[in-house]
Amino acid sequence: MSTDTLAEAHDALYDALNVMLTGDLGPIQDVWSRHDEVTDAGSFGGFITGRTGVADEFARQAALRLGGRIDVTDVIMGEGSDLGYTFCSPTSMSRPRTDLCNPIG
């Protein structure tokens, strides 16, 4: 996967995360760094370091097939000659997982 700008990379990441919510790991594997120094601020809390740990966590999350989507607001971007960063406020909308519910009664 190739992106020409930081904004394209940012958009590709959130597009890939939204596909991951459906259970498909392909796009997130395409956009996420393959270097072992990678870190993920985990969706379920904490930080995950190392390519294997991050890949395993993505597989676990994809297997949940949570559905919904992640949208972002308040995006701030900065970049230098060899590094870029984005900060944003993610919001999510998810569908109820009726297969996980145990009705009472």
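The model shown is predicted, which means the values in this text are computed figures rather than measured ones.

Quick look at unusual backbone geometry now. One non-glycine residue with positive phi stands out, namely Arg65, at about 45 degrees. In this structure, Arg65 sits in the loop between helix H3 (51–64) and strand E3 (69–79). Take Arg65: its relative accessible area is 46%, and that puts it in the partly exposed class. Positive phi, close to 55 degrees, is recorded for Asp74, a residue that is not glycine. In this fold, Asp74 is placed in strand E3. Classification of Asp74 by relative accessible area gives exposed; the value is 58%.

The next subject is the side chain of Gln61. Locating Gln61 in the fold gives a position in helix H3. Ignoring sequence-local partners within four residues, the contact set of Gln61 consists of Met20, Ser43 and Phe44.

For H3, spanning 14 residues, the distance from its first C-alpha to its last is 20 Å, which sits close to the expected 20 Å at 1.5 Å a residue. Taken as a whole, H3 has its buried residues at Arg51, Val54, Glu57, Phe58, Gln61 and Ala62. Axial view of H3: buried residues confined to an arc of 135 degrees, hence all on one face. Seen from the buried face of H3, the exposed residues on the opposite side, beyond 90 degrees, are Thr52, Asp56 and Ala63. In this fold, the buried residues of H3 make contact with helix H1 (6–20), helix H2 (26–31), strand E1 (39–41) and strand E2 (47–49). Looking one or two residues beyond H3, the residue adopting positive phi is Arg65, at roughly 45 degrees.

Here we take up the pattern of salt bridges. Applying the stated rule across the entire model yields 2 salt bridges. For Asp71, the salt bridge is made with Arg69, and the minimal N-O distance between the two is 2.8 Å. Judged by relative accessible area, Asp71 falls into the partly exposed class, the value being 30%. Relative accessible area serves as the criterion here: at 39%, Arg69 is assigned to the partly exposed category.

So, on to a negative patch on the surface. A surface patch of like charges, here negative, comprises Asp4, Glu8, Asp11 and Asp15. With respect to the helices and strands, the residue Asp15 is situated in helix H1.

Right, let's get into the environment of Val19. Looking at the element boundaries, Val19 is found in helix H1. For the pair Val19 and Gly67, spaced 48 residues apart in sequence, the C-alpha separation works out to 8.6 Å.

Given two aromatic rings, one states the distance between the centres and the angle between the planes to describe the pair. Considering all chains together, one arrives at 2 aromatic pairs under this definition. Judged by centre distance (5.0 Å) and plane angle (85 degrees), the rings of Trp32 and Phe58 are edge-to-face. Of this pair, Trp32 sits in the loop between H2 and E1 while Phe58 is found in helix H3, placing the two residues 26 residues apart along the sequence. Here the two residues Trp32 and Phe58 agree in accessibility, since each one is buried.

Calculation criteria
Residues numbered from 1 in each chain as written. Predicted model: local features only at pLDDT ≥ 70, side-chain atom pairs only at ≥ 80, totals over all residues. Heavy atoms only, no water. Helix = DSSP H or I, 4+ residues; strand = E, 2+ residues; numbered from the N terminus. Buried < 20%, exposed > 50% of the residue type's maximum accessible area, 1.4 Å probe, protein only. Contact = heavy atoms within 4.5 Å. Expected span 1.5 Å × (residues − 1). Arc of directions from axis to C-beta. Salt bridge = Lys/Arg side-chain N within 4 Å of Asp/Glu carboxyl O. Patch = residues over 30% accessible without salt bridge, like charges linked within 9 Å, V, L, I, M, F, W, Y side chains within 5 Å. Areas by Shrake-Rupley, 256 points an atom, 1.4 Å probe, with all protein chains shown as cover. Lys, Arg positive; Asp, Glu negative; His and termini not counted. Charge placed at Lys NZ, Arg CZ, Asp CG, Glu CD. Phe/Tyr/Trp six-rings, centres within 6.5 Å; stacked < 30°, edge-to-face > 60°.

Remember that the coordinates give geometry; whether it matters functionally is a separate question.
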